[in-house]
Amino acid sequence: MLFENLGLAPELSRAVAEQGYEKPTPIQAQAIPAVMQGGDIMAAAQTGTGKTAGFTLPLLHRLSQGTAARNNQVRALVLTPTRELAAQVFDNVQLYSKYLPLRHSVVFGGVKINPQMQRLRGGADILVATPGRLLDLYNQRAIRFDKLEALVLDEADRMLDMGFIHDIKRILKVLPAKRQNLLFSATFSPEIRQLAKGLVNDPVEIDVSPRNSTTETVRQKLHPVDKARKQKLLSHLIHANNWHQALVFSRTKHGANRLVKQLEADDIRAAAIHGNKSQNARTKALADFKSGKVRVLVATDIAARGIDIDQLPQVVNFDLPNVPEDYVHRIGRTGRAGAQGQAVSLVSADEIKQLRDIERLINKPISREEIEGFEPDHVVPESGKAGSRGGQVNRGRGGNGSGNGGAAGRSSQSRGAGRSEGKRNGPSRGGRRGNGGQDAPRRRRSPQRDSA
Ligand code: AMP
């Protein structure tokens, strides 16, 4: 399948060609024709699959054929859970529509509303928005939906996790009933299926990311280490392996800030990105990371959502996420669009519960490798064998690693993952996340750990 065979408007084909894409990704090959025909779709696809172009290109194609938006009208609405993702989707819209005479806009919370109101006066053929700010603008009559043709819910699972369900329902109530609906989600959980019932009509179902499997192009491994020594191990790995661009995940905002300071003290340029940072600070951190000015970007889960960096080579889990699905999202930052990537987790003994949940979710053990000089005093048990060292662990040589992407050493597989242990240890998927002062949902704000 080639892009030329999809029948996209020549202006879009030209923009796509300029991006150097050789052929549509699997989700694009399925979604583009379905959306061009005007049908509803429900697609399970994570970031990195090319999903954004999968809905943006056919929507732009359809919009280019109709009457342009004016007077606060919106013809296609794309809802995203975070402002980072909104900005990212908007970038894609701009990129692909550069040869089309369409208007587009992006709105999200955390910045002044007036400039957004002004921009919307002339209407938007595509509006990318986070739910809370969209409702504010609608309530202030800055947006009209009478000419709305299409609705996209991007990363719908994350929207539910972040407590946006009430906002979404409010928005659905004010949209015209006759419209095209596109639902994108990392997984088709029961909650997503419930949401889909009231949203999509006879959808084409597309599934390019089988539930809970991790992408094949990402090599995963974990280094057992004592908690207190994680930061020194991270500095060591960065120096020893000469990592130039590593995205490091921290569970908490406070932890992210502290880690940046410690890395800087070890002569490693680093920046943090999380919900307490201003939009400007986040944009700058991301730009510096992309340009290579900073080697390490330390991010919380929610802030990292939607960060779009081509072929990110290295993801590090400084600590494991409490919600196992976040592990899949995190490592999805690397190994994108067919490129090889590596995800390394630094795991201390107190994280065995999280590790078990993750290995059960991805349905395979993560290869483990101890790094010489950083062997833990507190043993990290094999997932299926709490309390004992269990199977072999490999001792890396530490410091001279190369080639296999970590401080070197053959690795062995931990065993026993996926065995039943009765009760789940990790927290449940819903209701455990705050959204760190992002575009806050109206009602449910979880009393949360220092997160995002
Ligand atoms: P997304 O899943 O939408 O976040 O896209 C992930 C990355 O894949 C983005 O950096 C896109 O620029 C890139 N991409 C999208 N479509 C293609 C394609 N057909 N071929 C190669 N790269 C693509």
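What you see is a predicted model, and the numbers here were worked out from it, not measured in a lab.

Trainee: I keep staring at the overall build of the protein chain and nothing clicks. Help me out?
Mentor: Per the secondary structure count, the protein chain includes 15 helices and 16 strands. Counting every position in the protein chain, which comprises 452 residues, the buried fraction comes to 60%. Counting every atom, the protein chain has about 18,300 Å² of accessible surface; 48% of that belongs to carbon and sulfur.

Trainee: Please clarify how the pairing of strand β10 (residues 270-273) should be interpreted in this entry.
Mentor: The side chains of a regular strand alternate, first on one face of the sheet and then on the other. Of the two faces of β10, the one lined by Ala270 and Ala272 and the one lined by Ala271 and Ile273 are each fully buried. Strand direction decides the pairing type here: β10 and strand β11 (residues 296-299), joined by four bridges, are parallel. In the sheet register, Ala272 faces β11, and the bridge partner there is Val298.

Trainee: How do you make sense of the confidence of the model for the protein chain when you look at a structure like this?
Mentor: For any part of a model where pLDDT is low, the fine detail of the predicted coordinates should not be relied upon. For the protein chain, mean pLDDT is 81; residues scoring 70 or higher make up 80% of the total. Note that residues 385-438 has pLDDT below 50 and, in this model, 158 contacts with residues that lie over four places away or in other chains. Of the regions scoring below 50 in pLDDT, residues 440-452 engages in 51 contacts with residues more than four places distant in sequence or in other chains.

Trainee: How should I be thinking about the pairing of strand β2 (residues 74-79) in this particular structure?
Mentor: Taken across its six residues, β2 has six buried, putting it largely inside the fold. One ladder, built from four bridges, connects β2 with strand β5 (residues 150-153); its direction is parallel. Residue pairing for β5: Ala76 is matched across the bridge by Ala150.

Trainee: I would appreciate a short explanation of the environment of Thr52 in the present structure.
Mentor: As for its placement among the helices and strands, Thr52 is situated in helix α3 (residues 51-63). The spacing of Thr52 and Val93 is 41 residues in sequence and 8.8 Å in space, taken between C-alpha atoms. If sequence neighbours within four positions are ignored, Thr52 has contacts with Val89 and Asn92.

Trainee: I keep staring at unusual backbone geometry and nothing clicks. Help me out?
Mentor: Only a minority of non-glycine residues have a phi that is not negative, and only a minority of peptide bonds are not trans. The phi dihedral of Asn242 falls on the positive side, at around 55°, and the residue is not glycine. Positionally, Asn242 belongs in the loop between α10 (230-241) and β9 (246-249). The phi torsion at Asp267 lies on the positive side, around 65°, for a residue other than glycine. You can see Asp267 is positioned in the loop between α11 (253-265) and β10. You can call Asp267 exposed: its relative accessible area is 68%.

Trainee: What exactly am I supposed to notice about the packing of helix α4 (residues 83-96) against helix α12 (residues 279-291) here?
Mentor: When two helices pack together, you describe them by how their axes are tilted relative to each other and by the distance separating the axes. Between α4 and α12, whose axes approach to 12 Å, the crossing angle comes to 60°. For the element pair α4 / α12, the angle class is oblique. The chirality of how α4 crosses α12 is right-handed. Listed contacts from α12 to Arg83, Glu84 and Gln88 of α4 are Gln279, Arg282 and Lys290.

Trainee: Any chance you could explain the nonpolar core here in plain terms?
Mentor: Side chains that are nonpolar tend, in soluble globular proteins, to be buried together. If you look at the biggest cluster of nonpolar residues, it comprises 40 residues, and the most contacted ones within it are Leu57 and Val128. In this structure Leu57 touches Phe3, Leu8, Leu12, Val16, Ile32 and Tyr96, once residues within four positions along its chain are discounted.

Trainee: Looking at this model, I keep getting lost on the pattern of salt bridges. Mind explaining?
Mentor: Pairing between side chains of opposite charge can happen when their charged atoms approach one another. This model, assessed by the stated rule, comprises 19 salt bridges. Arg75 serves as the salt-bridge partner of Asp125, at 2.8 Å between the closest nitrogen and oxygen. Placement of Asp125 in strand β4 (residues 124-129) and of Arg75 in strand β2 is noted, with a sequence separation of 50 residues between them. For the pair shown, Asp125 and Arg75 are each scored as buried. We note a salt bridge from Glu369 to Lys221, for which the minimum N-O separation is 3.4 Å. Of this pair, Glu369 sits in strand β14 (residues 367-371) while Lys221 sits in strand β8 (residues 218-224), placing them 148 residues apart in sequence. Owing to a relative accessible area of 6%, Lys221 belongs among the buried residues under this scheme. Salt bridges sharing partners connect three or more residues here, namely Lys51, Asp154 and Glu155.

Trainee: Where do I start with the packing of α10 against α11 in this structure?
Mentor: One can describe the packing of α10 onto α11 by two numbers: an axis separation of 10 Å at closest approach and a directional angle of 50°. The angle between the axes of α10 and α11 places the two elements in the oblique class. At the point where α10 passes α11, the crossing takes the right-handed sense. Judged by residue contacts, Gln231, Leu234, Ser235 and Ile238 of α10 engage Leu259, Gln262 and Leu263 from α11. Grouping the amino acids of the contact of α10 with α11 by side-chain chemistry returns four nonpolar, three polar and no charged.

Trainee: Help me understand the sheet that holds strand β6 (residues 180-185), please; the structure alone is not making it clear to me.
Mentor: Paired through backbone hydrogen bonds, the strands of a sheet run either parallel or antiparallel to each other. Across the sheet, seven strands lie side by side as β3-β4-β2-β5-β6-β1-β7; this open sheet has parallel pairing. Since the sheet does not close on itself, it has two edges, and those belong to β3 (104-107) and β7 (204-207), each with one partner. Between one strand axis and the next, the sheet turns by 15° as a mean value, whatever way the strands run. The sheet contact formed by β3 and β4 spans four bridges and is parallel. In the strand pairing of β4, Val106 is matched with Val128. Here α4 sits on the sheet in contact with β2, β3 and β4, set at roughly 170° to β3.

Trainee: What is the right way to look at helix α1 (residues 10-19) in this model?
Mentor: What α1 keeps buried is the set Leu12, Ala15 and Val16. Buried residues of α1, seen end-on, are gathered within an arc of 100° and therefore sit on one face of the element. Opposite the buried face of α1, by more than 90 degrees, sit the exposed residues Pro10 and Ala17. Where the residues of α1 are buried, they touch α3 and α4. Once α1 ends, the next one or two residues include Gly20, with phi positive near 80°.

Cut-offs applied
- Residues numbered from 1 in each chain as written.
- Predicted model: local features only at pLDDT ≥ 70, side-chain atom pairs only at ≥ 80, totals over all residues.
- Heavy atoms only, no water.
- Helix = DSSP H or I, 4+ residues; strand = E, 2+ residues; numbered from the N terminus.
- Buried < 20%, exposed > 50% of the residue type's maximum accessible area, 1.4 Å probe, protein only.
- Areas by Shrake-Rupley, 256 points an atom, 1.4 Å probe, with all protein chains shown as cover.
- Pairing = 2+ DSSP bridges.
- pLDDT = per-residue confidence, 0-100.
- Contact = heavy atoms within 4.5 Å.
- Axes fitted to C-alpha atoms, helices over the stretch in contact; angles between N-to-C directions.
- Parallel < 35°, antiparallel > 145°, perpendicular 65-115°, else oblique.
- Left-handed = near helix turned anticlockwise from the far one by under 90°.
- Core = buried A, V, L, I, M, F, W, Y, C linked by side-chain atoms within 4.5 Å.
- Salt bridge = Lys/Arg side-chain N within 4 Å of Asp/Glu carboxyl O.
- Nonpolar A, V, L, I, M, F, W, Y, C, P; charged D, E, K, R; others polar.
- Arc of directions from axis to C-beta.

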